[in-house]
Amino acid sequence: MLAHASRTPLWGRKIQFRISRITEALASLKILISNDDGYRAEGLRALTEALGQIAEITVVAPDRNRSGASNSLTLDVPLRVMAYDENKYLVANGTPTDCVHLAVSGLFDFDHDMVVSGINDGANLGDDVLYSGTVAAAIEGRFLGLPAIALSLVIEPNSGQHFATAARVATELLMRVQRTPFHQATILNVNVPDVPYEALKGYQATRLGFRHRSERIVRSEDPRGRPVYWVGPAGMGHDAGPGTDFHAVANGYVSVTPLQIDLTRHAVLDDVRDWLQGRQA
Ligand code: MN
């Protein structure tokens, strides 16, 4: 069992009473932080710095970049957990899902209240959520009974990578959760435009859009002339109109999409029942 490493001080005394009441409440909130870019990632560091100011945090993150790991669990080799930076970061040789699973299912001698995952180095919009390890970490938290938020920075070429903006958004969302908890069975998938905080237009509740199909695979050759392949880049937004996550971030808003895990296509359930009966007849 690993005891909790450190408890961080509240914000300074000059802040308003209302805010300080919220942060006092938040300070007792135990937040598990993970990501899929690995424990060295700038986004994880930014998130840890920001949330460490207002809540009790623990970090359990993969030892390397596991982007695209989706909800995979490691079942063929044992998992090891190492502590870095005076126990500030616990690092596992597994996937984001492994990390959250370990943390919530017995690694600690206390329970967490919430899982926050990210800040991912890149968008998780539309169908990205099916591949994303960032979103998977949040989903695992939800599976294990905790409210969960996944945060991603929508990085544009040469945009400056404003992880601080997304970190501030994370803080604001946590303060909002503390004031008014959202439905426990919901995962919030949050995408933040890569701009200075002052340039954000606000928040929008959105639905997932979806992308055009991915670009073709990239074939190359290793030094011995043997073919190797890279998965090609994700497609551009296809269903990206008003109301979607794509549209919100393209217009400078923080996109907040509530996710559910039930993939059943309920609208077609009766049709499949009829189809099966017809086939049997
Ligand atoms: Mn990633």
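The notes below deal with the structure included here. Given the structure is predicted, the values throughout are model-derived calculations rather than measurements. (Residues numbered from 1 in each chain as written. Predicted model: local features only at pLDDT ≥ 70, side-chain atom pairs only at ≥ 80, totals over all residues. Heavy atoms only, no water.)

**Regarding helix H2 (residues 42-52)**
At step 1: Of all eleven residues in H2, eight are buried; the element is thus mostly enclosed.
At step 2: Restricting attention to buried positions, one finds in H2 the residues Gly-43, Leu-44, Ala-46, Leu-47, Thr-48, Ala-50, Leu-51 and Gly-52.
At step 3: Looking at the buried side of H2, the elements it contacts are strand S1 (30-34), strand S2 (56-62), strand S4 (89-92), strand S5 (114-121), strand S6 (148-154) and helix H6 (163-179). (Buried < 20%, exposed > 50% of the residue type's maximum accessible area, 1.4 Å probe, protein only. Helix = DSSP H or I, 4+ residues; strand = E, 2+ residues; numbered from the N terminus. Contact = heavy atoms within 4.5 Å.)

**Examining the layout of surface pockets**
At step 1: In this structure, the largest pocket spans a volume of roughly 940 Å³.
At step 2: In terms of lining, the largest pocket is formed by 38 residues, of which the most central are Ala-123, Asn-124, Asp-128, Arg-211 and Ala-234.
At step 3: Listing elements by their share of the lining of the largest pocket, those giving two or more residues are S5, helix H4 (128-131) and helix H7 (245-250).
At step 4: For the lining of the largest pocket, the class distribution of residues is 16 nonpolar, 13 polar and nine charged.
At step 5: Reported here for the second largest pocket is a volume of approximately 580 Å³.
At step 6: Val-129, Leu-130, Leu-208, Gln-260 and Leu-263 are, among the 22 residues lining the second largest pocket, the residues nearest its centre.
At step 7: Put simply, the parts of the chain that give the lining of the second largest pocket at least two residues each are H4, helix H5 (133-143) and strand S13 (253-259). (1 Å grid on protein atoms, 1.4 Å probe; cavity = no way out; pocket = protein on both sides within 12 Å on 5 of 7 lines; lining within 4 Å. Points joined across faces, edges and corners; volume = space filled by probe spheres on them. Nonpolar A, V, L, I, M, F, W, Y, C, P; charged D, E, K, R; others polar.)

**Side note on the environment of Val-218**
At step 1: For Val-218, the location among the structural elements is in strand S10 (residues 218-221).
At step 2: Given a relative accessible area of 40%, Val-218 falls into the partly exposed group.
At step 3: In contact with Val-218, other than residues within four places in its own chain, are Val-228, Tyr-229, Trp-230 and Gly-232.

**Details of the environment of Thr-244**
At step 1: Here Thr-244 is to be found in the loop between strand S12 (237-239) and H7.
At step 2: Exposure remark for Thr-244: the relative accessible area of 0% places this residue in the buried category.
At step 3: Expressed as a C-alpha distance, the spacing of Thr-244 and Ser-255, which sit eleven residues apart in the sequence, is 8.3 Å.
At step 4: Setting aside residues no more than four positions away along its own chain, Thr-244 makes contact with Thr-206, Arg-207, Gly-209 and Asp-239.
At step 5: Polar side-chain contacts of Thr-244 include one of 2.6 Å to the backbone oxygen of Gly-241. (Polar contact = N/O pair within 3.5 Å; in protein donor to acceptor, adjacent residues only side chain to side chain.)

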